[in-house]
Structure formats: structure tokens, C-alpha cells
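These are the residues of each chain, in order.
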Amino acid sequence: MTQAQETPDTADAAGSAQPVCRRLVGRSAVITGGGGGIGLATARRLAAEGARVVVADVDEKAGRAAADEVGGLFMRTDVTDAEQVEALFAAAKEAYGSVDVAFNNAGISPPEDDSILTTGIDAWRRVQEVNLTSVYLCCKAALPYMREQGRGSIINTASFVAVMGAATSQISYTASKGGVLALSRELGVQFAREGIRVNALCPGPVDTPLLRELFAKDPERARRRLVHVPVGRFARADEIAAAVAFLASDDASFVTAAQFLVDGGISGAYVTPE
Ligand code: NAD
């Protein structure tokens, strides 16, 4: 057991009733889209595990609030902009001396991205830029630091829709997440012998305020989806954050190039419980 693992913390920083262990003491973590949703929950969880966190977001107010809450650094970053992404990882190195964890998580799913029959090229391109090109840029910026250290964990947020089809299509979103999955696998293989792990996190649907609002207005829409979830509910953001913390830590030392599903059983299901 390492020193970092010895000291369980009973503080409830992840928002769950579970005690949090301290696997990330001495590690720095860059989190894109850290101002809200899964990113915010992960900033809280990684900080609770001892990491020094850099929150990157286009939303300055939310990003700064998240960074302040976890005693981290905020960098206003548009993840589609190569120069801003390079500056983000340089700032992490400058502030904390290393880039140990990159959680490339920022993503969008706008309503204009729908069936292929109605989705225009501008909506297609925008989603590809924010969801997929950003992950290419973030990995490209993080890898030189990790190669120099001979150590690092990259976690790219894909989705369960990268491995399953939906009749309720968001075509560019799905294609972008398939791209994130393939890119992560390839990098995981390429850099495996340099001490760098790269995994694609594939969350199932998460109970975010946006989703709740949408489904409160349209219960039939929620029912159509929930019937496919064996666990019978959507995920909480802190449950996804717990998986990120595992992948970030040395507990996942033999996990790389994986499609890491955290989906309540959706992708394994044929007939779900009544
Ligand atoms: P969210 O909208 O709650 O948070 C996303 C954050 O990314 C926001 O703070 C936003 O300001 C930021 N962001 C958006 N565009 C950006 C840009 N260009 N540069 C920097 N930051 C930007 O979303 P979420 O639900 O927490 O989703 C996070 C990731 O998880 C996304 O990649 C999403 O596709 C994926 N995901 C979400 C779900 C779900 O059900 N919520 C399921 C599977 C995968």
C-alpha cells in the first residue's frame, strides 16, 4: 500500500455517503468541462482523493466557482482552440510541476444535432469540433509532459452510444463519441510501454439538471429510455466521477486502451427486470 492509499478520508467531498480514499496525493489533474455536470463531480472527487486540480471551461463563472471550491486553478479554455489547449496543459505543469491526469471531458449535445435526415453540416461540424477534435488536441498537448515523466493517465469521455445504436438519434454526437473511443484505444496501445494509460470512459445517461427538466416535461420520453436500464435509473454524476478516480489512480495500473462502461448494465441487456 502506498502512502497515498493509507489514509482513508471520511469527508464526503464526492457527495456520496461512501468514505473516499486518497489515491491521488501528489498528482495533478486537468479536467475539461470542469464547471458542471460530470466534470464538476470529478473535480470534487479527485480533489478529495488528494489531487491538485486544474479546471478548464468556456463558462468562466462556473469554472472559476468549481476551481475555488476544490482549491484548484481555473483556466478559461475553449477546447476547440489548439493554442488555448496548449496553454492549459502548460499552466498545469507550471503550477503543479507535472501533468499526471488528463480528464478530457468537455462535450455538447445541442438540439440541432438530431436525425441524419434533419441535421445540417454546421451542426455536424460544431459537435465534431467540441466532442472529438478537442480530445485530439488535449491528448496531443498532454502527452509530451507524460512521456517526459514516464507516467500519466488520460481519460477521454466517450459515451455508451459509442457502442450501441439509438433510434432517438443524435448523429454527430454518436459519431464523435465513436471517434473518441477509437482514438483512445489507439493511444492506449501506442503509449502502453511508456507508462501512459489511455482509456475511454463510456457513461450511460446521467441525471443532470438538463435531463431532469427535459423528462419532467415529457415523462414518456424518460420512460422510453429507462426501460432499457437494468438498474432502473439514470446515473448520478458522482458515480461517474468515482470511475474516473479509479482510472486516474494506480489501482487501474493494468487498465488501458479500454472502453470503460459505467452504464447501469444498458450495454449488456436484452430483457430488463420488470
Ligand atoms: P454538462 O453540459 O453538464 O457539462 C459540460 C461542461 O463543458 C460545461 O461546463 C460546459 O461549459 C463545458 N464546455 C462546453 N463546451 C466547451 C468548450 N468548447 N470548451 C470548454 N468547455 C466547454 O455536460 P455533462 O453531462 O457533464 O457531460 C460531460 C461529458 O460527458 C460530455 O462529453 C458528454 O458528452 C458526456 N456524457 C454525458 C452523459 C450524460 O447523460 N450527461 C452521458 C454520456 C456521456
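Further up the page is the structure itself.
A.B. asks: Help me understand the overall build of the protein, please; the structure alone is not making it clear to me.
C.D. replies: For the protein, the count of helices and strands is nine helices and seven strands. The principal-axis extent of the C-alpha atoms belonging to the protein is close to 50 × 40 × 40 Å. Evaluated residue by residue, the protein yields a buried proportion of 46% over its 274 residues. Here the contacts in the protein between residues at least 6 apart in sequence split such that 69% fall between residues at least 24 apart. Split by element, the accessible area of the protein, about 13,400 Å² in all, is 54% carbon and sulfur.

A.B. asks: Explain the nonpolar core to me, please; I cannot follow it from the model alone.
C.D. replies: Nonpolar side chains tend toward joint burial in soluble globular proteins. Ranked by size, the top nonpolar core spans 32 residues in total, and within it Leu-46, Val-53, Val-55, Phe-103, Ile-155, Leu-201 and Ile-240 carry the most contacts. Secondary structure elements with two or more residues in this core: β1 (28-32), α2 (37-48), β2 (52-57), α3 (60-69), β4 (101-104) and α9 (237-248). Ranked by the residues each element gives to this core, the list is headed by α9, at eight residues. In this view, Val-55 contacts Ile-31, Gly-34, Gly-35, Ala-43, Gly-63, Ala-66, Ala-67, Leu-73, Phe-74 and Met-75; residues no more than four positions away in its chain are not counted. If you look at the next biggest cluster of nonpolar residues, it comprises 31 residues, including Ala-106, Leu-143, Met-146 and Leu-187.

A.B. asks: Got a minute to help me understand the site of the ligand in this structure?
C.D. replies: The full set close to the ligand counts 26 residues, and Ile-38, Asp-57, Asn-105, Tyr-173 and Val-206 are the nearest of them. A distance of 2.8 Å separates an oxygen atom of the ligand from a polar atom in the backbone of Ile-38. A distance of 3.1 Å is found between a nitrogen atom of the ligand and a side-chain nitrogen or oxygen belonging to Asp-78. Among the elements of the structure, α2 and α6 (171-190) are those that each provide at least two residues to the shell around the ligand. Broken down by class, the residue content of the shell around the ligand amounts to eleven nonpolar, eleven polar and four charged.

A.B. asks: I tried to follow the pattern of salt bridges on my own but got confused; where do I start?
C.D. replies: Any two side chains of opposite charge can pair, so long as their charged atoms come close to each other. In total, this model carries 14 salt bridges according to the counting rule given. For Asp-251, the salt bridge identified is with Arg-23, shortest N-O distance 3.1 Å. Of this pair, Asp-251 sits in the loop between α9 and β7 (259-262) while Arg-23 sits in the loop between α1 (3-6) and β1, and the two are 228 residues apart along the sequence. Two residues, Asp-238 and Arg-236, come together in a salt bridge whose shortest N-O distance is 3.0 Å. A relative accessible area of 13% places Asp-238 in the buried class. Residue class for Arg-236 comes out partly exposed when judged on its relative accessible area of 40%.

A.B. asks: Explanation requested: helix α5 (residues 121-149) in the structure shown.
C.D. replies: Given 3.6 residues per helical turn, the α-helix brings residues three or four places apart onto the same face. End to end, α5 covers 41 Å across 29 residues, agreeing with the expected 42 Å (1.5 Å per residue, within 8%). A bend of about 40° at Glu-129 is the largest found in α5. Trailing α5 by a residue or two, Gly-150 shows a phi angle of about 70°, which is positive.

A.B. asks: Mind showing me how you'd approach the side chain of Thr-119 here?
C.D. replies: By secondary structure assignment, the location of Thr-119 is in the loop between β4 and α5. Note on Thr-119: relative accessible area 16%, which makes it buried. In this structure the side chain of Thr-119 is engaged in a polar contact, spanning 2.8 Å, whose partner is the backbone nitrogen of Asp-114. Engagement of the side chain of Thr-119 in a polar contact is seen with the backbone oxygen of Ser-115, the distance being 2.8 Å. Among residues more than four places away in sequence, those in contact with Thr-119 are Glu-112, Asp-113, Asp-114, Trp-124 and Ile-171.

A.B. asks: I keep staring at the environment of Ala-29 and nothing clicks. Help me out?
C.D. replies: You can see Ala-29 is positioned in strand β1. Through-space distance from the C-alpha of Ala-29 to that of Val-101 is 4.4 Å; in sequence the pair is 72 residues apart. Excluding anything up to four places from it in sequence, Ala-29 contacts Leu-46, Ala-51, Arg-52, Val-53, Val-54 and Val-101.

A.B. asks: Looking at this structure, I do not really get the sheet that holds strand β3 (residues 73-76). What am I missing?
C.D. replies: Remark on secondary structure: sheet strands pair via backbone hydrogen bonds, oriented parallel or antiparallel. With respect to topology, seven strands assemble into an open sheet ordered β3-β2-β1-β4-β5-β6-β7, the strand pairing being parallel. For this open sheet the edge positions go to β3 and β7, each flanked by a neighbour on one side alone. Averaged over all pairs of adjacent strands, the angle between their axes in this sheet comes to 20°, without regard to strand direction. Relative to the sheet, helix α4 (residues 82-96) contacts β1, β2, β3 and β4, its axis offset from that of β3 by approximately 165°.

A.B. asks: Can you walk me through the environment of Gly-178 in this structure?
C.D. replies: Inspection of the secondary structure puts Gly-178 in helix α6. Along the sequence, Gly-178 and Phe-160 sit 18 residues apart, while their C-alpha atoms lie 9.3 Å from each other.

Criteria and thresholds
- Residues numbered from 1 in each chain as written.
- Predicted model: local features only at pLDDT ≥ 70, side-chain atom pairs only at ≥ 80, totals over all residues.
- Heavy atoms only, no water.
- Helix = DSSP H or I, 4+ residues; strand = E, 2+ residues; numbered from the N terminus.
- Buried < 20%, exposed > 50% of the residue type's maximum accessible area, 1.4 Å probe, protein only.
- Contact = heavy atoms within 4.5 Å.
- Areas by Shrake-Rupley, 256 points an atom, 1.4 Å probe, with all protein chains shown as cover.
- Core = buried A, V, L, I, M, F, W, Y, C linked by side-chain atoms within 4.5 Å.
- Near = heavy atom within 4 Å.
- Polar contact = N/O pair within 3.5 Å; in protein donor to acceptor, adjacent residues only side chain to side chain.
- Nonpolar A, V, L, I, M, F, W, Y, C, P; charged D, E, K, R; others polar.
- Salt bridge = Lys/Arg side-chain N within 4 Å of Asp/Glu carboxyl O.
- Expected span 1.5 Å × (residues − 1).
- Bend = angle between axes of the 7 residues up to and from the residue.
- Pairing = 2+ DSSP bridges.
- Axes fitted to C-alpha atoms, helices over the stretch in contact; angles between N-to-C directions.

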